[in-house]
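A closer look at the structure
Given next are the chains, with one letter for each unit.
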Amino acid sequence: MRIRFTKMQGAGNDFVVLDETQDSLGLNTAQYRWLADRHFGVGADQILSVRPSPGPGIDFEYVIHNADGAEVEQCGNGARCFARFVHDRGLSEKPSIRVQTLGGVIEPRITSDGRVTVDMGAPIFDLARVPFDADGLKPVEHRNAHGAWQTWLVPVDGVSVNLAVLSMGNPHAVQIVADVDAAAVREQGPSIEHHARFPRRVNAGFMQVVARDRVKLRVWERGAGETLACGTGACAAVVAGIRLGLLDGCVDVHTHGGVLTIEWGEGRPVLMTGPATTVFHGEIDVPDLSDIASDLVRS
C-alpha cells in the first residue's frame, strides 16, 4: 500500500503525520512500528493520524501511535504539529481548533509569532486515574502556598526514588534531579516506565530546577525511549514543580530539542507554547506486515 505522509518536528520530537480525513488507511500495529523505524521506515517518535470530527463541537480526531505501535492518549508536541498540519494543508482556516484525543479534548491555537499554543486541559492528580498503585507506599508530604501534596518513594533498581505522579491525559512520574545531564535517564527510565506500580506504564521525567521560571528536562517516553522533547512531560514537570513550591506560574522548559513555555495555575488548564515545523512531504510503500513479521524484521 502506497501512502502519503508529512514528516514534522516540534522541539526535536519528530512525527510522521497521516491525513485520514477522507479515507482510513487501516494500518495495523506492525505497520505503525515499521513507519516509525528509523532503518526500515520513515523514522519517528510517534505516528499522528488526522481523522474527521467524531461529533458536534469537535473539529478533528487526533490519534497517536508510539514508535512501538501502541496507541496512546496524548502527545503535546504532536498536538502543535497537528494544528500546524491542518492549517498548512487547508483542512481548517480556524486559528484555534478543538481536537478529540484518547485522553480528552484539547485546543491548539496558532499564535501571531508562528508558534502554537495548546490548551492541554487540567492536570489529573487522582492516583486511580493516572493510574498509579500507591498501596503500601509511604508518601512524602509537601505543604506550601499551593496547599498540601504528596510525592511517593518508589523502589527502582534497588534505590528509593521520590516521584511526583500525575496525568496530563497520559501518565507521568517526575523526579527532581541536581544535574539533568548526569541523571540516570537511560538506566532508570525503562525501569520506571515498566514499574508494576504503573499498570499502563508511565513517562519518566527528570527535571533540574535552574530558577523559578526556568528548568531543564529530559524524559524517557513510554513506548519511545528518551526523546529530544516531550510536550506532556514538560507540562507534567512544571505542574509538579509549581505544586512543590519550586516554580512560578510561567516556566521555560529547556529540552535537548528546544524550549517550551508552560503556564499553569491551580484550577486552570495547562497552556503549552512551542514550535511546530514541517520537515518534508513524501510517499512510501508500506508492506503488508503482521505483528510476527514485523518482529522478525526488527530482531
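That block above? That's the structure.
Presented here is a report on the structure given in the accompanying data block.

Side note on the overall build of the protein
The secondary structure content of the protein amounts to 5 helices and 19 strands. Relative to its length of 299 residues, the protein is compact, with a C-alpha radius of gyration of 19 Å against a globular reference of 19 Å. With respect to the three principal axes, the spread of C-alpha positions in the protein is 55 × 45 × 35 Å. Split into buried and exposed, the 299 residues of the protein put 55% on the buried side. Taking contacts inside the protein between residues at least 6 apart in sequence as the whole, the part at least 24 apart equals 61%. Taking the 28 positively charged and 37 negatively charged side chains of the protein as two groups, their mean positions are separated by 3 Å.

A few points about the packing of aromatic side chains
The geometry of an aromatic ring pair is captured by the separation of the ring centres together with the interplanar angle, meaning the angle of the planes. Considering all chains together, one arrives at 7 aromatic pairs under this definition. Arranged with centres 5.9 Å apart and planes meeting at 80°, the rings of Phe5 and Phe280 form a pair that is edge-to-face. Of this pair, Phe5 sits in strand β1 (residues 2–10) while Phe280 is found in strand β19 (residues 277–285), placing the two residues 275 residues apart along the sequence. Using a relative accessible area of 38% as the deciding quantity, one classes Phe280 as partly exposed. Centroid distance Tyr62 to Phe82: 4.9 Å. Interplanar angle 50°. Geometry classified as tilted. One end of the pair, Tyr62, is in strand β4 (residues 60–66); the other, Phe82, is in helix α2 (residues 76–88), with 20 residues separating them in the sequence. For Phe82, a relative accessible area of 1% translates into the label buried. Members of the aromatic cluster, connected to one another through ring pairs, are Phe60, Tyr62 and Phe82. Of note, Arg243 hangs over the ring of Phe125, and the distance from its end group to the ring centre comes to 3.8 Å.

Digging into the side chain of Thr21
Looking at the secondary structure, you find Thr21 in the loop between β2 (13–19) and α1 (29–36). Reaching out from Thr21, the side chain makes a polar contact with the side chain of Asp19 at a distance of 2.6 Å. Once residues within four sequence positions are removed from consideration, Thr21 is found in contact with Val50, Arg51, Pro52, Phe60 and Leu91.

Some words on unusual backbone geometry
Residue Pro131 follows Val130 across a cis peptide bond; omega there is -5°. Relative to the elements of secondary structure, Pro131 occurs in the loop between β8 (116–119) and β9 (139–144). The phi dihedral of Ala11 falls on the positive side, at around 55°, and the residue is not glycine. Residue placement: Ala11 occurs in the loop between β1 and β2. According to the relative accessible area criterion, Ala11 is buried, its value standing at 2%. One non-glycine residue, Asp157, adopts positive backbone phi at about 55°. Looking at the secondary structure, you find Asp157 in the loop between β10 (147–156) and β11 (159–167).

Side note on the nonpolar core
Residues Tyr62, Phe82, Val174, Val253, Ile262 and Val270 are the most contacted members of the largest nonpolar core, which totals 53 residues. In terms of residue count, the dominant contributor to this core is helix α4 (residues 231–243) (8 residues). In this structure Val174 touches Asn162, Leu163, Ala164, Leu166, Gly205, Met207, Ala236, Ala237 and Ala240, once residues within four positions along its chain are discounted. Leu137, Val156, Val161 and Trp220 belong to the second largest nonpolar core, which has 21 residues in total.

Side note on the state of the cysteines
Applying the stated criterion across every chain, the model contains 0 disulfides. Summary of cysteine pairing: Cys81 is not part of a disulfide, and the nearest cysteine sulfur, belonging to Cys75, is at 8.1 Å. Looking at the unpaired Cys230, the closest cysteine sulfur is the one in Cys75, lying at 6.7 Å. In this structure Cys230 comes out as buried when scored by relative accessible area, which is 3%.

Here we look at the pairing of strand β18 (residues 271–274)
Here 4 bridges tie β8 to β18, and the two strands are oriented antiparallel to one another. Residue Val116 lies in a different strand from β18, and its bridge partner there is Gly274. Looking at chain direction, strand β17 (residues 258–263) and β18 are connected through 3 bridges and run antiparallel. Looking at β18, one finds that Thr261 is bridged to Thr273.

Some remarks on the pattern of salt bridges
The tally for this structure, following the rule as stated, stands at 20 salt bridges. Residues Arg51 and Glu20 are paired through a salt bridge, measuring 3.4 Å at the closest nitrogen-oxygen approach. Residue Arg51 is found in strand β3 (residues 46–52), and its partner Glu20 is found in the loop between β2 and α1; the two are separated by 31 residues along the sequence. With a closest N to O distance of 3.9 Å, Asp133 and Arg197 form a salt bridge. You can see Asp133 sitting in the loop between β8 and β9 and its partner Arg197 sitting in the loop between α3 (185–193) and β13 (203–211), a full 64 residues away along the chain. On the accessibility criterion, Arg197 (18% relative accessible area) is buried. Sharing partners across several salt bridges, the network here consists of Arg2, Arg4, Glu283 and Asp285.

So, how was this worked out
Residues numbered from 1 in each chain as written. Predicted model: local features only at pLDDT ≥ 70, side-chain atom pairs only at ≥ 80, totals over all residues. Heavy atoms only, no water. Helix = DSSP H or I, 4+ residues; strand = E, 2+ residues; numbered from the N terminus. Rg over C-alpha atoms; globule rule 2.2 N^0.38 Å. Buried < 20%, exposed > 50% of the residue type's maximum accessible area, 1.4 Å probe, protein only. Contact = heavy atoms within 4.5 Å. Lys, Arg positive; Asp, Glu negative; His and termini not counted. Charge placed at Lys NZ, Arg CZ, Asp CG, Glu CD. Phe/Tyr/Trp six-rings, centres within 6.5 Å; stacked < 30°, edge-to-face > 60°. Lys NZ or Arg CZ within 6 Å of the ring centre and 35° of its normal. Polar contact = N/O pair within 3.5 Å; in protein donor to acceptor, adjacent residues only side chain to side chain. Core = buried A, V, L, I, M, F, W, Y, C linked by side-chain atoms within 4.5 Å. Disulfide = S-S within 2.5 Å. Pairing = 2+ DSSP bridges. Salt bridge = Lys/Arg side-chain N within 4 Å of Asp/Glu carboxyl O.

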